[in-house]
Each structure stands twice: as C-alpha cells, then as structure tokens.
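Secondary and tertiary structure notes
As a plain string of letters, each chain reads:
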Amino acid sequence: MTPPLILGLESSCDDSAAALLRGTQILSSVVRGQNALHAQFGGVVPEIAARAHAETLDVCVEAALAEAGVTLEAVDAIAVTAGPGLIGGVLSGVMLAKGLATGLGVPLVGVNHLAGHALTPRLTEDLPFPYLMLLVSGGHCQFLIVRGPQDFARLGGTIDDAPGEAFDKTARLLGLSQPGGPSVEDAARDGDPDRFRFPRPLLDRPGCDLSFSGLKTALLRQRDALISEQGGLKRQDRADLCAGFQAAVRDVLVEKTARAIDLYLADAPAAPALAIAGGVAANGVLRGALTGLCTARGLRFCAPPLKLCTDNAAMIAYAGGALLEAGLHHDMTLSARPRWPL
Ligand code: KG4
Ligand code: ZN
C-alpha cells in the first residue's frame, strides 16, 4: 500500500517551514529563515517571529506543493508542530493546519517539536529503537533514550542556556556574525584552545545535566580583561577565545554523553547507537569528538544530513506519520503549547 502523503508545518522558533513526505521519501522541504528580521535585535523577537510566520507559512506550503509537483487536494494528512516553542509562531502553524485539515477533510495531527528532532535519524537511516539521542540546538539541549515514536526517556539536559545560544552569545560578544555557531567555529580554526582555560560546568556533579551560562560569563570577563590590557581585541585573541570556548563546550558535552551512554546501555540495546540532532550538530569539532567516543564505546554514530538537523518540516511530517500510523490524531481542540516536555 502507498504510504499517505503528509504535509508537515513548522513554525516554533524563527524558521517557517513546510514539507511533503510519503513514507520516508521527502518530496519537498521548504524552509524560510528569519535571520535578517531579527539581526538588529541580537536575538529572536517573539512578536516579529509570529508575524513573519503568519505571512510566510502559506507561501512555504505553496512552494512545497510546487516543488513536489502535487496539488493540495492530493494531501492525505496534516502534521503540525503544536509546541514547545514561541507561542505566537506555534499558533500560526496550528491555525493554518486546522484550516487546511478542515478544508480538505483530512486528519490533523499535532507533533511535539522535540519528538520531530528525536525521530529524524530514522528518516534517512535504518536505525532501530532504542537509540540514544543528543539534541543540541539554539533552544534545547537534552539526552533522550528513544524507545519508540511516543516513548522517550529523558536522562538529563541543560539547567540554563542551550549550547547554540551560548555560541550565539559568544559571537555577539566578539563582534562575529549571527548565527554564532558557524562564525565561532570558523574563527576557532586559527585559534589555540589552550590559551584561555574556560570552566567545564557541572562536571563535578553526577548525572547528565549541563550548564552553559557560566561559560558565557567567563568569556565576557576574559574579553573585558584583554580589552582593558590592550585597548581592544586582536584577530588572534578572537580566534583563541573562540577555540577555548568551543573546546569547553565539546568537553562538557562529550563527558555528559559518556555518562548518558552508561545509562542507555543498561537498556541492553541489541544495536547500540548514538544519534545527534539540532543545529549545533553541525559543529565539526563536536562531531569529531562524539565519533571518537562512539568508536571507543562500541556505538554506531548517526548524524542526519545538516538540512534535517536544523529546524525543518520534513521531521514534523515524519513524526506525525508515526503518530497517525499508531492510530492517533487530533480534532479542532488541538492547542498550541509553549512548554511541552517529552
Ligand atoms: O536547530 P536550530 O536550527 O534551531 C533551534 O534552535 O531550534 O539550531 C540553531 C542553533 C544556533 O544557535 C546556531 O548558532 C547553532 O545552532 N549552530 C551551530 C553551528 N551551526 C549552527 N553551533 C555550533 N557550531 C556550528 N557549526
Ligand atoms: Zn528545533
């Protein structure tokens, strides 16, 4: 039997996205980011994001239909991010999804954005449950054992900032461009990671929780010390600060991942695997370190293509498809949830 054609919608942060999926085949995946709109404010402004989603999501749907070469009438179900996220944006998506589902007379399913990220590796790889997931983005950082499409065990996560947020703040403090992850990684290439020693927060405490806000403060202090000593920052200072910061993030994530692996292996998985998702999964230094850790511990390492690691609607369509297959769908009472732990 041909799998249903699912239209996915995503609007929980600063990317408006629509995608068409049949089974694991991505017919189209359109993402319209809002970086230019928020750049002058130094962060995502919820009200501006919500307006932009309301204006752009339907355009994304049209583009996704055109790219896939299908008509709206061919769509069999609508999957939409119903949280967690910035409420105005999530509402835009949920309202559009309700309208489309009603107009077309097809099922509607609300998807948890985090479940979308967590299930993404299965969209491109044959990855059996249970696997360990490290979700690292601009808004999230957590370890999950993914036991099934609706069965997640959270092992720990950040108690303050997400790593992507720390990369973005670092870039801002050093006058580098946004988003900060790629520009900090780039600057760090010429840097000495040992010139400045940044803290590795929470390593002295048991468990898998993480903290990144102290790291940001340490970087700010070091930057200010250099400025008052030298009257400004040299190119090499920026490179060394970036390299030191990135090494600290890597060390903390790798050590906590090692602890999460211990907990995960207690599940006695037949084919142990660590998967990574979220924008920070793009970081080459982190990927390299996690690959080494997995090799040492006998785990397979899965990193989805970058386009699927960052926010997109194909992952929402895929997670929605899994819910529909399990017989779950929502009616018009589906509500947008700013907070929605897995
Ligand atoms: O998953 P994502 O697109 O959006 C959400 O936060 O949900 O992640 C964006 C985050 C940004 O904070 C960005 O700076 C970070 O991912 N990022 C990176 C890299 N590329 C993107 N962080 C570190 N290294 C990178 N190469
Ligand atoms: Zn995300």
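Residues numbered from 1 in each chain as written. Chains lettered and ligands numbered in written order. Predicted model: local features only at pLDDT ≥ 70, side-chain atom pairs only at ≥ 80, totals over all residues.

Under the annotation held in an unreviewed UniProt entry, the chain carries the name tRNA N6-adenosine threonylcarbamoyltransferase and is attributed to Pseudoponticoccus marisrubri. Quoted verbatim from the Catalytic activity (unreviewed entry) field of the UniProt record, the comment on the chain reads "L-threonylcarbamoyladenylate + adenosine(37) in tRNA = N(6)-L-threonylcarbamoyladenosine(37) in tRNA + AMP + H(+)". What the UniProt record of the chain gives under Subcellular location (unreviewed entry) is the line "Cytoplasm". (UniProt positions renumbered as here; feature names shortened; annotations may be inferred.)

This paragraph deals with the sheet that holds strand β8 (residues 151–157). Across the sheet, which stays open at both edges, the five strands sit in the order β8-β7-β6-β9-β10 with mixed pairing between neighbours. At either margin of the open sheet sits one strand with a lone partner, and together these are β8 and β10 (300–302). Averaged over all pairs of adjacent strands, the angle between strand axes in this sheet comes to 25°, irrespective of strand direction. Here strand β6 (residues 131–136) pairs with strand β7 (residues 141–148) via six bridges, running antiparallel. In the sheet register, L132 faces β7, and the bridge partner there is I145. Relative to the sheet, helix α10 (residues 284–297) contacts β9 (273–277) and β10, its axis offset from that of β10 by approximately 155°. (Pairing = 2+ DSSP bridges. Helix = DSSP H or I, 4+ residues; strand = E, 2+ residues; numbered from the N terminus. Axes fitted to C-alpha atoms, helices over the stretch in contact; angles between N-to-C directions. Contact = placed C-beta atoms within 7 Å.)

Moving on: the UniProt feature "binding site: substrate" (unreviewed entry) in the chain. When the UniProt feature table is mapped to this numbering, "binding site: substrate" (unreviewed entry) covers L135, V136, S137, G138, G139, D168, G181, E185 and N283. Mapped onto the fold, L135 is located in strand β6. With 25 C-beta atoms counted inside 10 Å, the residue L135 sits in the buried group. Excluding anything up to four places from it in sequence, L135 contacts L114, H117, A118, H140, C141, Q142, L144, A277 and G278. Structurally, N283 is set in the loop between β9 and α10. Those residues within four positions of N283 in sequence are excluded, and the remaining contacts are G181 and E185. (Buried ≥ 20, exposed ≤ 12 C-beta atoms within 10 Å, placed from the backbone.)

Attention now moves to the domain arrangement of the chain. Assigned domains within the chain: domain 1 (5–120 + 308–325) and domain 2 (129–303). Of note, the centres of domain 1 and domain 2, computed from C-alpha atoms alone, are 27 Å apart. Taken residue by residue, the interface counts 14 residues in domain 1 and 16 residues in domain 2. Top element by residues in the side of domain 1 that touches domain 2 is helix α4 (residues 113–119). It accounts for four residues. In terms of residue class, the side of domain 1 that touches domain 2 is built from nine nonpolar, five polar and no charged. (Domains from an automatic or database assignment. Nonpolar A, V, L, I, M, F, W, Y, C, P; charged D, E, K, R; others polar.)

Glancing now at the packing of helix α9 (residues 235–265) against α10. Two numbers describe how α9 lies on α10: the axes approach to 10 Å, and their chain directions differ by 30°. Judged by the inter-axis angle, α9 sits roughly parallel to α10. The hand of the α9/α10 crossing is right-handed. Seen from α9, the contacting residues are Q246, R250, L253, V254, T257, A258 and I261; seen from α10, they are V285, L286, A289, L290, L293 and R297. When grouped by side-chain class, the residues that make up the contact of α9 with α10 number nine nonpolar, two polar and two charged. (Parallel < 35°, antiparallel > 145°, perpendicular 65-115°, else oblique. Left-handed = near helix turned anticlockwise from the far one by under 90°.)

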